[in-house]
Amino acid sequence: MSKRRFQDAAIAGIGHTEYSKASGRSELQLAAECAKAACDDAGISPHDIDGMITFTIDNNDEIMLARCLGVKDLAYTTRIPGGGAAAAATIYQAMAMVNAGLCKHVLIWRAMNERSQYRFGQNPNQQMMAFQSGNGTGSLLWCVPYGAMTPASWGALQAARYMHRFGITNRDLAFVSVQQRAYAANNPDAWFYGKPITLEDHQASKWIQEPWLRLLDCCQESDGGVAVLVTSLQRARDMKQKPVRIVGATQSIPYNVEVISNYYHEDLTEMPEAKGTAKRLWEQTGLGPQDMQAAMIYDAFSPHVLLQLEAFGFCRPGEAAGFVKSGGMALDGVLPTNTNGGLSGEAYIHGMNSMIEGVRQIRGTSHNQVTRRSVEHVLVSSGMAGAVLGKA
Amino acid sequence: MSTAPETPAPPKPTRIAPIVTLDAKFFWDAADRGEFLGERCGQCKAFRFPPRPMCPHCHSLTREEVKLSGHGTVHGWTIPRHPPPFGFKEAPIVVIVQLDEGFRMVSNLVGVAYHDVRQDMPVEVDFEPTMGNHKVPVFRPRSAS
C-alpha cells in the first residue's frame, strides 16, 4: 500500500537578492543567496530541501547549488524548457510534486548576471546563435540570417500583426510602460525606484523595433536572483509566514506554437499558449478572470501584456489597449497588474520577480498593496504557464 | 610588383550564412542554386514549415521537396533599429511572409523604401548572397504582370 496521498501545495517562502546591473559576484552566489533567503523566510533549513526546479538558460548547476546549501537528500530535480516562458511552470511542477506526495520542500530558483556578464538584449554571440534544444525556440535558426537577432526583434514580429489588426500604435503601448514605471517608482526593490516616466518620455525613447517597440517598451537586463519555497499547505501552516495556497497551475504549449519565434500558428493576432493556459487554469480552479484581484503578467515587451490580458479573458480581443489606457492596470483599476513594476520597472529576473510579487499581494506585503479589495486570488502568468495563488 | 586591378572587386557579402541543420539542408542547398523549395508530405501532401522529419498529420516519413511559387504577402514586419543587426549596412526590413502555399516564413523585404512597406502587400521571392558563398531567399514587391 502506498503511503502517498494528495496534498494541497502552498508557497511558504520567497527570497531575492538586490536587483542591479552589476552584482559583483558569481551567478552561483546569487542563486545560493536567494535560495537561503527563501528558506529563511519560510523558517526551514536549506538542508531539508528535497526538490529543486529551475528553467533553461540558467547557468547554475543543480548539484553545485545543492552543495552550497548543504542539501542532504535531494529527491527530485528538473529544468523546464522555454526560458522565461517557464517562469510560472516552476510553480506548476513544484505543486505537482507536492500534490503527489513525492517532495516535502521544493526550491525554485533563477539567478543570473544577465546585464554584467552577458546581455540578452544584444545580438547573439556564436554560441547563442547555435540551436540549443530545451529553449523552445528552434525557429530562431530561421530568423538570424535575416537580421532578426534579438528578443526585441522576435517579439516585435510577434506583435506586429496584432497591433496592425487592432490599430494599436506605439503610443498606445506607452500606457503599459507608464503604469509599470509608476509602480516601480514606489517600490524600493525596483531598479527604477523613484524614477517614474511620462507618456512623452516613452515617445522620446529610441526605436528598438520600428514602428512597434521603443526602448521603454522593453524589459530590463538585470543581475539578481529569485527563489520560492513550495511545500504542502499543511506543513506551511506551521511555518513562519502565512501560507499562500497554489489554487491551480498549468502549462500550455499548443500545436505549432514556440517560444518567441512564434509565427507558425493559425492566428498571429492572439497568443494561443496563453489562451490554453487560461482555459486549463479556469477549468482546474473553477475560477475566472472576475475572481482575480491582481495579476502578474510576463512583460518581456509591452504588447505581450495586452495579448495576455485578452487571452485570460480580462478584455475582449483588441480591447486591452483601451483597458490599460483607462487605468485598468492601476491600483484602483479593475485589475492591478505588475504591481512590482514588472520586468520593465523592477528587474528582469526572467519572470521570477513578478511571480513573488503575486505572493506578496496575497500576503498583503507589496510595496504597492491592493487595499481597495481583499486580495483573495492573484493570477501569475508567463504565457506558456500560469498559476492562481490564493489565501490559505 | 602587384598592380591595382582594373575594376574594384564587388563588396563581399556581410550577411551571415544560414545555420544549416540536416532536416533543412535541402532548403538551403536549393537557395544556393537560386531555387525556392518547400517541403510537403509524400503521403498526404500537406506542406510543413519549418521542415521536420515527420508529417504531423499522417506521420509519414516520406518527404517531397517541391518548387514553390515564390509568391506571398507581408503578414508582419519590423525594422530592427537597435542594436543594429550584425551583417547589415542599413537596417533590414524583417518580414513574416505568408506564402501562397499556405505557410509562413521569416525573411527580408528588399527593394522598397521603409515608408512604402504595407501589411499584406504582395511579394515575390528573390535571393541575396551571404558570407561563405551562400544565398538566402528574400522577397521584393511583386512586379505587376
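Higher on the page you've got the structure.
Residues numbered from 1 in each chain as written. Chains lettered and ligands numbered in written order. Predicted model: local features only at pLDDT ≥ 70, side-chain atom pairs only at ≥ 80, totals over all residues. Heavy atoms only, no water.

1. Section: the nonpolar core
- Formed by 99 residues in total, the largest nonpolar core has its most connected members in Tyr263, Leu306 and Leu309 of chain A together with Val106 of chain B.
- If one sorts the elements of this core by residue count, helix α5 (residues 151-166) of chain A sits on top with 8 residues.
- Contact partners of leucine 309 of chain A, with chain neighbours within four places excluded, come to Ile297, Phe314, Cys315, Ala320, Phe323, Val324, Leu335 and Thr337 of chain A.
- Formed by 41 residues, the second largest nonpolar core is a distinct cluster that contains Ile53, Ile80, Ala88 and Ala294 of chain A. (Core = buried A, V, L, I, M, F, W, Y, C linked by side-chain atoms within 4.5 Å. Buried < 20%, exposed > 50% of the residue type's maximum accessible area, 1.4 Å probe, protein only. Helix = DSSP H or I, 4+ residues; strand = E, 2+ residues; numbered from the N terminus. Contact = heavy atoms within 4.5 Å.)

2. Here's the deal with the environment of aspartate 189 of chain A
Residue and element names in this part refer to chain A.
- Considering the arrangement of structural elements, one finds aspartate 189 in the loop between α6 (170-185) and α7 (199-204).
- Taking the relative accessible area as the measure of exposure, aspartate 189 reaches 24% and is therefore partly exposed.
- The sequence separation of aspartate 189 and arginine 373 amounts to 184 residues, and the corresponding C-alpha distance is 24 Å.
- Sequence-distant contacts of aspartate 189, defined by excluding residues within four places in its chain, comprise His16, Tyr19, Glu346, Arg360 and His367.

3. Describing unusual backbone geometry
- Across the junction of glutamate 210 of chain A and proline 211 of chain A, the peptide omega takes the value 0 degrees, indicating a cis bond.
- Within the secondary structure, proline 211 of chain A sits in the loop between β5 (207-210) and β6 (213-214).
- Look at the link from histidine 82 of chain B to proline 83 of chain B: it is a cis peptide, with omega at -10 degrees.
- Counting through the fold element by element, proline 83 of chain B comes out in the loop between β4 (71-80) and β5 (93-99).
- Positive phi, normally seen in glycine, also occurs at isoleucine 57 of chain A, with a value near 85 degrees.
- Within the secondary structure layout, isoleucine 57 of chain A lies in the loop between β2 (51-55) and α2 (62-69).
- The backbone phi angle of isoleucine 260 of chain A is positive, close to 60 degrees, even though this residue is not glycine.
- With respect to the element layout, isoleucine 260 of chain A can be found in the loop between β8 (244-251) and α9 (272-285).

4. A short note on the sheet that holds strand β9 (residues 294-297) of chain A
All names here are of chain A.
- An order of β3-β2-β4-β7-β1-β8-β11-β10-β9 is seen for the 9 strands of this open sheet, with the pairing classed as mixed. Unpaired on one side and paired on the other, β3 (76-80) and β9 mark the two borders of the sheet. Adjacent strand axes in the sheet meet at a mean angle of 25 degrees when their direction is disregarded.
- Of the pairings in the sheet, the one linking β2 to β3 comprises 5 bridges and is parallel in character. (Pairing = 2+ DSSP bridges. Axes fitted to C-alpha atoms, helices over the stretch in contact; angles between N-to-C directions.)

5. Quick notes on the sheet that holds strand β1 (residues 37-41) of chain B
All names here are of chain B.
- Spatially, β2-β1-β3 is the arrangement adopted by the 3 strands of the open sheet, whose pairing is antiparallel. On the outer flanks of this sheet lie β2 (47-48) and β3 (63-67), each paired with one strand and no other.
- As paired elements, β1 and β3 share 5 bridges and run antiparallel to each other. Across the sheet, the residue bridging to cysteine 41 is arginine 63, located in β3.
- Together, β1 and β3 form the strand contacts of helix α1 (residues 25-32), whose direction differs from that of β1 by roughly 150 degrees.

Geometric descriptors of this kind do not, in isolation, establish any biological role.
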